[in-house]
Amino acid sequence: QVQLVESGGGLVQAGGSLRLSCAASGRTFSTYAMAWFRQAPGKEREFVAGITWSRGNTLYADSVKGRFTISRDSGKNTVYLQMNSLKPEDTAVYYCAARPSLVIISTELRYDYWGQGTQVTVSS
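None of these values were measured; they are calculated from a predicted model. (Residues numbered from 1 in each chain as written. Predicted model: local features only at pLDDT ≥ 70, side-chain atom pairs only at ≥ 80, totals over all residues. Heavy atoms only, no water.)

A short note on the overall build of the protein chain
Alright, step 1. Looking only at helices and strands, one finds 0 helices and 11 strands in the protein chain.
Alright, step 2. Radius of gyration (C-alpha) of the protein chain: 13 Å, near the 14 Å computed for a compact globule of 124 residues.
Alright, step 3. The proportion of buried residues among the 124 residues of the protein chain is 45%.
Alright, step 4. In the protein chain, 58% of the contacts between residues at least 6 apart in sequence involve partners at least 24 apart. (Helix = DSSP H or I, 4+ residues; strand = E, 2+ residues; numbered from the N terminus. Rg over C-alpha atoms; globule rule 2.2 N^0.38 Å. Buried < 20%, exposed > 50% of the residue type's maximum accessible area, 1.4 Å probe, protein only. Contact = heavy atoms within 4.5 Å.)

Laid out in structure tokens, this is it:
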């Protein structure tokens, strides 16, 4: 059974940095695409960034390009989201997701597995 466990969220001032981690287990993920989504209060969940486990291809939402970096450590079965130059509008619950595909897409309905989420709060 696939399990995704996020960690690393917290409270940070605007301009600061955080690194989120997503520990994956229960499957061989070499043929999976992994992604981070986020959901702010009163808003729909939105795609943030994605990566293919095998080749490390990446995709970013326009709102985070140049500030966030997604990466993976195959030895640790962990996906990371390094978030720099954080803004108050980045405040949200961040979710890790996985889909058995070599293609990253931004549609949440196409992801089969989800973590429980980790809260990120950016103060102004």
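What to know about the pattern of salt bridges
Alright, step 1. Taken as a whole and judged by the stated rule, the model has 5 salt bridges.
Alright, step 2. For E46, the salt bridge is made with R38, and the minimal N-O distance between the two is 2.6 Å.
Alright, step 3. Residue classification places E46 among the partly exposed positions, given a relative accessible area of 35%.
Alright, step 4. Here R45 and E108 are joined by a salt bridge, their closest N and O atoms 3.1 Å apart. Of this pair, R45 sits in the loop between β4 (33–39) and β5 (46–52) while E108 sits in the loop between β9 (92–99) and β10 (113–114); the two residues are 63 residues apart in sequence, bridging distant segments of the chain.
Alright, step 5. Residue R45 is classed as partly exposed on the basis of its relative accessible area, which comes to 25%.
Alright, step 6. The class for E108 is partly exposed, based on a relative accessible area of 26%.
Alright, step 7. Each of R38, E46, R67 and D90 takes part in salt bridges that share partners, so that together they form one network. (Salt bridge = Lys/Arg side-chain N within 4 Å of Asp/Glu carboxyl O.)

A closer look at the pairing of strand β1 (residues 3–7)
Alright, step 1. Residues L4 and E6 of β1 are buried on one face, while the alternating residues Q3, V5 and S7, pointing to the opposite face, are not.
Alright, step 2. Sheet topology places β1 next to strand β3 (residues 18–25); 5 bridges connect them, and they run antiparallel. Paired with Q3 across the two strands is S25, which belongs to β3. (Pairing = 2+ DSSP bridges.)

What to know about the state of the cysteines
Alright, step 1. Here the structure, examined in full by the defined rule, presents 1 disulfide.
Alright, step 2. A disulfide bridge connects C22 with C96, and the sulfur atoms are separated by 2.1 Å. One disulfide, between C22 and C96, carries an S-S torsion of -75° and so falls in the left-handed class. You can see C22 sitting in strand β3 and its partner C96 sitting in strand β9, a full 74 residues away along the chain. (Disulfide = S-S within 2.5 Å.)

Some points on the sheet that holds strand β7 (residues 68–73)
Alright, step 1. Pairing is antiparallel across the open sheet formed by 4 strands, whose spatial order is β1-β3-β8-β7. Each edge of the open sheet carries a strand with a single partner, namely β1 and β7. The mean inter-strand angle of the sheet, taken between neighbouring strand axes irrespective of direction, is 15°.
Alright, step 2. Inspection of the sheet shows β7 paired to strand β8 (residues 78–83) by 6 bridges, in the antiparallel sense. The residue of β8 that forms the bridge with S71 is Y80. (Axes fitted to C-alpha atoms, helices over the stretch in contact; angles between N-to-C directions.)

Some details on the packing of aromatic side chains
Alright, step 1. Per the stated rule, a full pass over the model turns up 8 aromatic pairs.
Alright, step 2. Measuring from ring centre to ring centre gives 5.3 Å for F37 and Y111, while their planes differ by 75°; the resulting arrangement is edge-to-face. In this pair, F37 is assigned in strand β4 and Y111 in the loop between β9 and β10, connecting sequence segments 74 residues apart.
Alright, step 3. On the basis of an interplanar angle of 75° and a centroid distance of 6.4 Å, the ring pair of Y95 and W114 is categorised as edge-to-face. Here Y95 is found in strand β9, whereas its partner W114 is found in strand β10, with 19 residues between them in sequence.
Alright, step 4. Of the residues examined, Y95 reaches a relative accessible area of 15% and is grouped as buried.
Alright, step 5. Through successive ring pairs, a cluster of aromatic residues spans F37, F47, Y95, Y111 and W114.
Alright, step 6. Between R45 and the ring centre of Y95, over which it is positioned, the NZ or CZ distance is 4.7 Å. (Phe/Tyr/Trp six-rings, centres within 6.5 Å; stacked < 30°, edge-to-face > 60°. Lys NZ or Arg CZ within 6 Å of the ring centre and 35° of its normal.)

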